[in-house]
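# Results of the structural survey
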Amino acid sequence: MIKIITVIGARPQIIKASAISRAIRNKYGSQISEIIIHTGQHYDESMSKVFFDELQLPKEDYNLQVGSASHGVQTAQMMIKLEEIFINEMPRAILLYGDTNSTLAAAVTAAKLHIPIIHVEGGVRSFNKKFPEEINRLICDHLSTLIFVPTLSGIENMRNEGFKIDTNLQVTSDAPGVYHCGDIMFDNSLFFGEAAERKILWLNNLNVKENEFALITMHRPSNVDDSKVLEELLKTFVRISDEQNLDFVFPVHPRTLKIIDTKISLQTRTALLKSKIRVIPPVSFVEMTLLEKKASIIFTDSGGVQKEAYYFKKPCVILLEETPWQELVESGSALLVGADPEKIMNGYSFLSGKKDLVFPPLFGDGKASEFICEKIIETMRT
Ligand code: UD1
Ligand code: UDP
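First things first, this report covers the structure right here in the doc. (Residues numbered from 1 in each chain as written. Chains lettered and ligands numbered in written order. Predicted model: local features only at pLDDT ≥ 70, side-chain atom pairs only at ≥ 80, totals over all residues. Heavy atoms only, no water.)

### Thoughts on the packing of helix α3 (residues 71-89) against helix α4 (residues 101-112)
It is the contact of α3 with α4, at a shortest axis distance of 8 Å, that shows an interaxial angle of 45°. When the axis of α3 is compared with that of α4, the two are oblique. Note that α3 runs across α4; the crossing there is right-handed. In contact with H71, Q74, T75, M78, M79, L82, E83 and F86 of α3, α4 contributes N101, S102, L104, A105, A106, V108, T109 and A110. (Axes fitted to C-alpha atoms, helices over the stretch in contact; angles between N-to-C directions. Helix = DSSP H or I, 4+ residues; strand = E, 2+ residues; numbered from the N terminus. Parallel < 35°, antiparallel > 145°, perpendicular 65-115°, else oblique. Left-handed = near helix turned anticlockwise from the far one by under 90°. Contact = heavy atoms within 4.5 Å.)

### Looking at the sheet that holds strand β8 (residues 213-217)
Spatially, six strands are ordered β10-β9-β8-β11-β12-β13 in an open sheet, and the strand pairing comes out parallel. This sheet does not close on itself; its edge strands, each paired only once, are β10 (277-280) and β13 (334-336). Across this sheet, the average inter-strand angle for adjacent strands is 15°, counted without regard to direction. Across the face of the sheet, helix α14 (residues 303-311) comes into contact with β8, β11 (297-300) and β12 (316-318) while running at roughly 165° to β11. (Pairing = 2+ DSSP bridges.)

### Details of the sheet that holds strand β4 (residues 93-97)
If you walk across this open sheet you meet the seven strands as β3-β2-β1-β4-β5-β6-β7, and the pairing is parallel. The open sheet has two edge strands with one neighbour each: β3 (62-63) and β7 (177-180). Across four bridges, the pairing between strand β6 (residues 146-149) and β7 is parallel. Residue pairing across strands places I147 opposite V178, the latter belonging to β7. Sheet strands touched by helix α17 (residues 368-380): β1 (2-8), β2 (32-38), β4, β5 (117-120), β6 and β7. Its angle to β6, the strand with the most contacts, is close to 160°.

### Structural notes on the site of ligand 1
Residues in close proximity to ligand 1 total 20 residues, the closest being H42, Y43, N101, E133 and R255. Here an oxygen atom of ligand 1 and a backbone polar atom of N101 are 2.8 Å apart. Contact distances for ligand 1 include 3.3 Å between an oxygen atom and a side-chain N or O atom of R220. Considering ligand 1 on its own, with 750 Å² of exposed area, one finds that the protein chains cover 88% of that surface. Of all the elements in the fold, those that place two or more residues in the shell around ligand 1 are α5 (132-143) and α11 (254-263). (Near = heavy atom within 4 Å. Polar contact = N/O pair within 3.5 Å; in protein donor to acceptor, adjacent residues only side chain to side chain. Areas by Shrake-Rupley, 256 points an atom, 1.4 Å probe, with all protein chains shown as cover.)

### Brief notes about the environment of L113
Among the secondary structure elements, L113 is positioned in the loop between α4 and β5. Classification of L113 by relative accessible area gives partly exposed; the value is 22%. Taking the C-alpha atoms as reference points, L113 and F86, 27 residues apart in sequence, are found 8.2 Å from one another. Look past the residues within four positions of L113 in its chain and what remains in contact with it is E83, F86 and I87. (Buried < 20%, exposed > 50% of the residue type's maximum accessible area, 1.4 Å probe, protein only.)

### Some remarks on the site of ligand 2
Around ligand 2 sit 19 residues in total, of which R220, V283, S302, G304 and E308 are the nearest. With respect to ligand 2, the side chain of H219 contributes an N or O atom lying 3.4 Å from an oxygen atom. Between ligand 2 and V283 there is a distance of 2.7 Å, counted from a nitrogen atom to a backbone nitrogen or oxygen. Contact with the protein chains removes 95% of the 530 Å² of surface that ligand 2 exposes when unbound. Mapped by element, the contributors of at least two residues to the shell around ligand 2 are α1 (11-28), α13 (285-294) and α14. Counting residues per element, the shell around ligand 2 draws most heavily on α14, at four residues.

### Structural notes on the side chain of T6
Within the fold, T6 resides in strand β1. Residue classification places T6 among the buried positions, given a relative accessible area of 0%. Within the structure, the side chain of T6 is placed 2.6 Å from the side chain of E34, a separation counted as a polar contact. Among all residues touching T6, those that are not within four sequence positions of it are A17, E34, I35, I36, I37, L95 and Y97.

Rendered as structure tokens:
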């Protein structure tokens with residue numbers, strides 16, 4: 001039996017982990033056993049527990065309850081607690097997802113204890129170290145023994161950083177195995193797509209019509225931490241909604257809500273409330289999947305939501321200057337507009353008028369989780 005410890009902490013990681021946990025439960029349970037550690041980076045029920053319940057992820061074995069703090073404090077507190085558990089459990093490997101501080105803390109801790117790291121969603125780069133995620137990804141990839149890369153551009157990034165691809169040699173942290181496997185989030189979107197359709201009453205209660213509303217998500221520090229930037233963004237969405245007579249659904253990340261509640265002018269908050277923008281708390285993954293499937297267009301700075309827009313063949317206005325998912329932009333279905341009101345409005349006009357968008361397959365066949373489990377078994381058996 002291969003004993004692995006999965007470390008998760010932020011919303012998208014809980015969602016990602018459910019794909020591999022499902023594969024282990026359904027197919028590989030006699031070969032892989034999984035212990036789950038939740039760092040507590042995200043802790044609101046709507047940012048954490050809701051996903052365990054809905055996506056049938058087994059309850060975590062450990063919760064470090066680290067909560068919110070500065071990067072240094074948060075990462076350090078995670079490391080202190082992870083080290084003790086890793087030493088006690090001594091797993092064959094640590095399984096990590098994406099690029100959050102939880103990923104970083106677990107990667108550094110495991111590497112110092114010589115425990116192999118499996119990094120799912122490796123190779124992804126935005127080439128901008130101002131984003132904390134870029135630092136976290138770089139460190140995690142360079143400490144890992146198995147790296148699972150969702151896209152071909154990610155494989156190219158790894159090659160450019162000197163990694164050997166698809167090696168059949170014995171893998172070690174100094175000679176890691178790097179594999180192109182597709183995106184486990186695509187596995188999830190396919191798997192939960194039908195369950196989402198069954199929630200149509202929930203959507204009707206929001207009083208929006210299929211293909212006649214836009215979806216917004218925003219949580220990047222560059223967009224929301226500076227209240228002036230956020231205020232301009234909110235005003236821009238109110239303006240589009242008013243001018244186009246367009247309904248919006250805006251599930252608000254707690255980081256963004258905190259700034260809206262404390263730093264946005266009363267005038268803009270009132271305009272938001274009076275507009276056709278439904279400002280709602282964060283939703284569950286199945287609800288989000290339904291919103292993405294039924295929206296006519298998506299505005300987002302989320303890495304995950306950009307890709308999900310593509311899976312469901314929706315145009316996407318990306319509220320960033322660059323994206324680690326450059327292939328979305330190259331496909332013509334997504335535009336990078338940053339936080340510039342003019343570019344956002346032009347982006348909306350351009351994409352909403354396009355009838356010939358194409359969405360060739362870029363993210364695998366929905367079986368990335370199985371590929372990953374099989375590679376883990378093949379390489380970690382001894
Ligand atoms: C984190 C990740 C980011 C990921 C995002 C997913 C890092 C550096 N950032 O960003 O890569 O895209 O998660 O959502 O790891 N808060 C709550 N309740 C919660 C969680 C957060 O109120 O359950 C608030 C707190 O005020 C906190 C703020 O949100 O200070 C930011 O949370 P944090 O986890 O530090 O960063 P995210 O912006 O969520
Ligand atoms: N998501 C969700 N509810 C929400 C907003 C997002 O379930 O209210 C899901 C979304 O479908 C995607 C993931 O959360 O699968 C993306 O997480 P987030 O935007 O927080 O982080 P990122 O992907 O940018 O790291």
